[in-house]
Amino acid sequence: MIEVRGLTKRYGAKTAVDDLTFGIEPGKVTGFLGPNGAGKTTTMRCILGLDYPDAGTVAVDGKSYPDLAYPMREVGALLDAKAVHGGRSARNHLLCLAQTNSLPRRRVGEVLELVGLTEVAGKRSKGFSLGMSQRLGIAATLLGDPKVLMFDEPVNGLDPEGILWIRNLMRALAAEGRTVFVSSHLMSEMEHTADHLIVIGRGKLIADCTMSEFIAGSSGAWVRVRTPSVDQLMRAINAQGATAAAGEDGSIEVRGMTTEQLGDLAFSEGIRLHELTTVRASLEEAFMELTASSVEYRADAPGGQQPSTTIGSGV
Amino acid sequence: MATITTSDRRLPALPPATGRAGLRGALASEFTKLRSVRSTYWALGALLIVSIGVGALVMGGESGSLTHNPGNKAGFDGTQVSLIPFFEIGQLIIGVLGALTITSEYSTGMIRTSLTAMPRRGVVYAAKAIVFTCVTLVFSLITSFVAFFVGQAMVASTREGASLFGNVKIPANAIFTGPGGPGSPPKVTLQGIDVITASTVLRAVVGTALFVTLVALIAFGLGAIIRHTAGAIATVIGLMFIIPVVIQALPDNWRQDIMRFFPDAAGRVISVTVPGGANPHLWSSWPQMIVTACYAVGLLAIGAYMFRKRDA
């Protein structure tokens, strides 16, 4: 259980996190979303006591992080997989971390086994690929068998196999009843892993809701219907107060009616339907819509089109 | 990374914990950190080889000079000469290790991982300082004693070497009695006797090791303040080598008044064993050492403050 209250952090004149308040519930995966530079990493650093907030408080199980008796038994955090001394072997890296929390030495071998690094345990980590470094970082988070796990952009730069591995791991950790708090600027990644979402932009909270609420709350849900009697159906729909617009290749895009209502309407009017589909706005679109005004560094696309951001760079 | 292995495996449960993570674990961790990177072995190896090796070379040269030119025997401080490479060059080598101990955490980013595992920063800093001090002191003492014994062995034939096991008498003065012939040294008469006691020699050998350890802690403190390896090492060099040179260039009456307030002076005082052999403008051995200790303690304290107060 992590409680963030009124968190504010400034670096010089720039406010990275601005009066942020949210809580993270145990036993599920909470996605922490925002465009690059939104303040996700800063928030995580403040939770871990690496950075000192200018205002506000952060509590883990009711205590400030530095006051936890055995921090690694409470929280396992991976902010940057490359934040290791490259000259140290994987085993010694994990050993020196385990020792700080008086964890048994055998634990090092166990977590190495779990992440599949046993064979390279004696090798210096500077030779590790990003995927291996990520596994080493995750091994470190699991040393203390923590109740809360925090990952900052864990899939950044990983190949599809590594991404799948991390996704499965996060789901498995949540299924074991742990709290998983994972940040990403990739909406598509959250779509597959998160139960709950916290969305921030420019250091401010934009949304704190479940995944389904997030999707439902976006304006983009509509129904696609296909029929040989286009004009007749469109008139009937308009008569119901919903809006119908001609879509691509002869389909009709309907807003303001569910598939059930549309199906019943068509039946009563004696209109044959060839397709009746709910088209949900993708999470990606919902996210873009929400954060459009809070993207910090944007490149304006030529021709005055929608600004492009890195948000949608899919997996 | 060929296989996707995860969720089907579960970690065995940990034994329940009592108490609180503290200094004991942090000490074990810091010792693991120090012993598990190559730079530690490079630095300690270089300390031993350079201090002892160069000391032996210098003393070998002195052996020839003492034999060839007996006038040099007067006031010859075999202890200090054998230790000069240790406290002049060795201090820099161990200073690099002192700075690296803390700056490498920042340059690699490891500090964020370290402080996430153990967020009580005062404990981390204290553990780091304690482990580094102990390792440095042990290796400094070994280096100092070995450099001393090897150095004295190099001048054994002249019977001018110092001893830790008994008092040694050396000539106090050399009186010039006439020019030597071509290729031979001037004629001298040796007068008087200086007694170099074993306890003085012990003080010099142990004290020099303490001096080098203090310099290493100065470097450690600067590392914590500056957080960049190159910057910290450059500052150590400035403090221990450049400032003394600048002071040497000042007018005598200034120089003599201020030189005792700098941390490098103690090494040149504590290593002296011949009576009256030290610069009269410096304090005696232990008071001068306190000056160096004040720098070390002061910089360690400022480093501790900044280590705790700044964002990691």
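This section reports on the structure supplied with the text. (Residues numbered from 1 in each chain as written. Chains lettered and ligands numbered in written order. Predicted model: local features only at pLDDT ≥ 70, side-chain atom pairs only at ≥ 80, totals over all residues. Heavy atoms only, no water.)

### Quick notes on the interface of chain B and chain A
Here is step 1 of the chain: The interface is formed by 49 residues belonging to chain B together with 57 residues belonging to chain A.
Here is step 2 of the chain: Of the roughly 4,600 Å² buried between chain B and chain A on both sides combined, carbon and sulfur atoms contribute 55%.
Here is step 3 of the chain: In this structure, B:Arg112 and A:Asp80 form a salt bridge, with 3.0 Å as the shortest nitrogen-oxygen distance.
Here is step 4 of the chain: Contributions of two or more residues to the side of chain B that touches chain A are made by helix 1 (23-35), helix 3 (78-108), helix 4 (110-117) and helix 10 (285-309) of chain B. (Contact = heavy atoms within 4.5 Å. Buried area = accessible area lost by both parts, 1.4 Å probe. Salt bridge = Lys/Arg side-chain N within 4 Å of Asp/Glu carboxyl O. Helix = DSSP H or I, 4+ residues; strand = E, 2+ residues; numbered from the N terminus.)

### Section: the layout of surface pockets
Here is step 1 of the chain: Here the largest pocket is characterised by a volume of approximately 410 Å³.
Here is step 2 of the chain: Around the largest pocket sit 20 residues that line it, and A:Gly49, A:Tyr52, A:Ser64, A:Pro66 and B:Pro119 are the ones nearest its centre.
Here is step 3 of the chain: Broken down by secondary-structure element, the contributors of at least two residues to the lining of the largest pocket are helix 1 (40-47) and strand 4 (55-60) of chain A together with helix 5 (121-154) and helix 10 of chain B.
Here is step 4 of the chain: Looking at side-chain class alone, the lining of the largest pocket contains 9 nonpolar, 5 polar and 6 charged residues. (1 Å grid on protein atoms, 1.4 Å probe; cavity = no way out; pocket = protein on both sides within 12 Å on 5 of 7 lines; lining within 4 Å. Points joined across faces, edges and corners; volume = space filled by probe spheres on them. Nonpolar A, V, L, I, M, F, W, Y, C, P; charged D, E, K, R; others polar.)

### Observations concerning the pairing of strand 8 (residues 196-201) of chain A
Residue and element names in this part refer to chain A.
Here is step 1 of the chain: Across the 6 residues of strand 8, 6 count as buried, placing the element largely inside the fold.
Here is step 2 of the chain: Burial along strand 8 is two-sided: His196, Ile198 and Ile200 facing one way and Leu197, Val199 and Gly201 facing the other are all buried.
Here is step 3 of the chain: Bridging between strand 3 (residues 29-33) and strand 8 involves 4 bridges; their strand directions are parallel. When the bridges of strand 8 are listed, leucine 33 appears paired with valine 199.
Here is step 4 of the chain: Judged from the 6 bridges that link them, strand 8 and strand 9 (residues 204-210) form a sheet pairing that is antiparallel. Directly across from isoleucine 198, in strand 9, lies its bridge partner aspartate 208.
Here is step 5 of the chain: Between strand 8 and strand 9, which pair antiparallel in sequence order, lie 2 residues; one of them, arginine 202, sits at a positive phi of approximately 50 degrees. (Buried < 20%, exposed > 50% of the residue type's maximum accessible area, 1.4 Å probe, protein only. Pairing = 2+ DSSP bridges.)

### A word on empty space enclosed by the protein
Here is step 1 of the chain: Scanning the entire structure with this criterion turns up 5 cavities of 30 Å³ or more.
Here is step 2 of the chain: Taken as a whole, the largest cavity spans an internal volume of roughly 250 Å³.
Here is step 3 of the chain: Along its surface, the largest cavity is lined by 23 residues, and A:Ala77, A:Leu78, A:Ala140, B:Thr113 and B:Thr116 are the ones closest to its centre.
Here is step 4 of the chain: Of all the elements in the fold, those that place two or more residues in the lining of the largest cavity are strand 5 (75-78), helix 3 (90-100) and helix 5 (130-142) of chain A together with helix 4 of chain B.
Here is step 5 of the chain: Among the elements that take part in the lining of the largest cavity, helix 5 of chain A stands out by supplying 5 residues, more than any other.
Here is step 6 of the chain: Here the residues of the lining of the largest cavity sort into 13 nonpolar, 8 polar and 2 charged.
Here is step 7 of the chain: What the second largest cavity holds in volume is close to 160 Å³.
Here is step 8 of the chain: Forming the walls of the second largest cavity are 15 residues, and the residues nearest its centre are A:Arg88, B:Lys33, B:Leu34, B:Thr101 and B:Ser104.
Here is step 9 of the chain: Those elements that place two or more of their residues in the lining of the second largest cavity are helix 1, helix 2 (38-68), helix 3 and helix 5 of chain B.
Here is step 10 of the chain: The greatest single-element share of the lining of the second largest cavity, amounting to 5 residues, is contributed by helix 3 of chain B.
Here is step 11 of the chain: The residue makeup of the lining of the second largest cavity, split by class, is 5 nonpolar, 5 polar and 5 charged.

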